Amino acid sequence: MAKKKGPSLLGIFRQYFADHPEWLRTRSTDEVITQFNKDHPKIEVDKRVKQSLFNAKNYAKKGKKGKRGRRQKVAEITAAMKASTAGNGALQMLEDHVDDCLAMARAVGTESIRDVVNHLHRARNMLVMKIEA
């Protein structure tokens with residue numbers, strides 16, 4: 001199988017979004033497709049091209065976040081918890097308050113605050129780990 005010459009579709013669209021960050025803030029992709037048609041008249045804009053466009057837009061919006069960033073944050077939090085000198089009594093009281101907030105958030109029960117519930121749950125678990133250490 002022969003290798004392709006030139007950038008991939010994803011690379012083309014990533015470059016467009018790097019050159020025109022204002023295109024990330026709009027919902028419409030008309031300007032991007034128009035630019036693509038000007039630069040690559042021989043390539044038909046089909047489902048494959050549009051999927052590459054949407055993937056590039058999503059990657060550009062996310063930036064460098066993702067699993068790697070999450071792992072780094074967890075490592076930083078774990079290191080900060082190990083370095084902490086707070087007493088177990090204060091941590092226990094903080095854990096109780098977070099647990100109360102978690103119970104209230106769950107009682108609200110709307111789907112719109114699911115992320116809040118997840119964060120509170122993680123915070124409570126981290127406090128429990130710190131208290132046990």
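Residues numbered from 1 in each chain as written. Predicted model: local features only at pLDDT ≥ 70, side-chain atom pairs only at ≥ 80, totals over all residues. Heavy atoms only, no water.

Participant: Tell me about the overall build of the chain, and please be specific about residues and values.
Facilitator: What the chain contains, in helices and strands, is 6 helices and 0 strands. Tracing the chain from N to C terminus, the helices and strands come up as α-α-α-α-α-α. Within the span of the chain, comprising 133 residues, buried residues form 21% of the whole. For the chain, the proportion of contacts with a sequence separation of at least 24, taken over those separated by at least 6, is 60%. By element, 55% of the accessible surface of the chain is carried by carbon and sulfur atoms, the whole surface being about 10,600 Å². (Helix = DSSP H or I, 4+ residues; strand = E, 2+ residues; numbered from the N terminus. Buried < 20%, exposed > 50% of the residue type's maximum accessible area, 1.4 Å probe, protein only. Contact = heavy atoms within 4.5 Å. Areas by Shrake-Rupley, 256 points an atom, 1.4 Å probe, with all protein chains shown as cover.)

Participant: Go over the confidence of the model for the chain with me, naming the residues and quoting the values.
Facilitator: Confidence in the prediction of the chain, expressed as mean pLDDT, is 82, and 83% of residues score 70 or more. Taken element by element, the chain is modelled with least confidence in helix H4 (residues 67-83), mean pLDDT 68, and with most confidence in helix H2 (residues 30-39), mean pLDDT 93. (pLDDT = per-residue confidence, 0-100.)

Participant: Tell me what's going on with the packing of aromatic side chains, and back it up with residues and numbers.
Facilitator: For the structure on display, the rule yields 3 aromatic pairs. Residues Tyr16 and Trp23 carry aromatic rings whose centres are separated by 6.4 Å and whose planes lie at 80° to one another, so their mutual orientation is edge-to-face. Taking relative accessible area as the criterion, Tyr16 reaches 7% and is therefore assigned buried. Since its relative accessible area comes to 9%, Trp23 is described here as buried. Through a chain of ring-to-ring contacts, the aromatic side chains of Phe13, Tyr16, Trp23 and Phe36 assemble into a single cluster. (Phe/Tyr/Trp six-rings, centres within 6.5 Å; stacked < 30°, edge-to-face > 60°.)

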